[in-house]
Amino acid sequence: MLSMDGQKVDALVLPAMDRSGRVVATPFPGWFDWNLEGATLTATLGSDMLPHTSFRHHYRLNGTSDGPSPFVLVRVERRRIDSGPNTEEWQKVWEAADWGVVDDRPQGSPRTP
């Protein structure tokens with residue numbers, strides 16, 4: 001793939017959960033929606049054929065440049081879409097554990113902002 005100025009660039013590869021529940025790497029996780037305030041990216045994958053099951057993958061910025069993607073998968077949701085009133089609400093399929101922040105400094109060490 002080439003950028004607008006002719007430079008070679010690689011496609012962004014994101015982690016995604018396939019229908020069997022395995023996490024795979026894909027350059028096509030769905031339609032993107034960027035939330036500037038939360039710094040989160042949502043990819044929604046579905047179909048225009050009815051009925052179908054749609055999947056929504058939620059990502060947050062990794063904070064480092066290590067690894068194949070700057071984004072980390074934090075939640076996967078699904079919903080069944082039928083014609084009429086039978087469309088389901090989004091249901092959580094998987095969510096990353098909240099590891100919190102670990103403070104491993106020796107006790108009494110000054111905090112830095």
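Residues numbered from 1 in each chain as written. Predicted model: local features only at pLDDT ≥ 70, side-chain atom pairs only at ≥ 80, totals over all residues. Heavy atoms only, no water.

Caption draft 1: Spatial organisation of the nonpolar core. Among the nonpolar cores identified, the biggest contains nine residues, and these are L14, A16, M17, L41, A43, Y59, F71, L73 and V76. For this core, the secondary-structure elements that each account for two or more residues are strand 1 (14–17), strand 4 (40–45) and strand 6 (71–81). Ignoring sequence-local partners within four residues, the contact set of M17 consists of R22, V23, H57, V76, V93 and W94. (Core = buried A, V, L, I, M, F, W, Y, C linked by side-chain atoms within 4.5 Å. Buried < 20%, exposed > 50% of the residue type's maximum accessible area, 1.4 Å probe, protein only. Helix = DSSP H or I, 4+ residues; strand = E, 2+ residues; numbered from the N terminus. Contact = heavy atoms within 4.5 Å.)

Caption draft 2: Broad picture of the pairing of strand 3 (residues 31–35). Note: strand 3 against strand 4, five bridges, orientation antiparallel. For D33, the partnering residue across the bridge sits in strand 4 and is T42. Between strand 3 and strand 4, which follow one another and run antiparallel, lie four residues, and A39 among them has a positive phi close to 50°. (Pairing = 2+ DSSP bridges.)

Caption draft 3: Broad picture of unusual backbone geometry. In this model, L50 is joined to P51 through a cis peptide bond whose omega is -10°. Mapping P51 onto the fold places it in the loop between strand 4 and strand 5 (52–61). Residues other than glycine seldom take positive phi values, yet A39 does so here, at roughly 50°. Considering the arrangement of structural elements, one finds A39 in the loop between strand 3 and strand 4. Assessed through its relative accessible area of 27%, A39 is described here as partly exposed.

Caption draft 4: Layout of the environment of A16. Positionally, A16 belongs in strand 1. In this structure A16 touches R22, V23, V24, T26, H57, Y59 and L73, once residues within four positions along its chain are discounted.

Caption draft 5: Examining the sheet that holds strand 6 more closely. Strand order in this open sheet of five strands is 3-4-5-6-7, and the pairing throughout is antiparallel. Since the sheet does not close on itself, it has two edges, and those belong to strand 3 and strand 7 (91–95), each with one partner. This sheet shows a mean twist of 20° between the axes of neighbouring strands, independent of strand direction. (Axes fitted to C-alpha atoms, helices over the stretch in contact; angles between N-to-C directions.)

Caption draft 6: Looking closely at the pattern of salt bridges. Applying the stated criterion across every chain, the model contains seven salt bridges. The salt bridge partner of E77 is R75, with a shortest N-O separation of 3.5 Å. Assessed through its relative accessible area of 10%, E77 is described here as buried. Overall, the relative accessible area of 25% leaves R75 in the partly exposed class. Where D82 meets R80, a salt bridge forms, and the shortest distance between an N and an O atom there is 3.8 Å. On the basis of relative accessible area, D82 is assigned to the partly exposed category, the value being 22%. Among the charged side chains, a network of salt bridges with common partners joins R56, R75, E77, K92 and E95. (Salt bridge = Lys/Arg side-chain N within 4 Å of Asp/Glu carboxyl O.)

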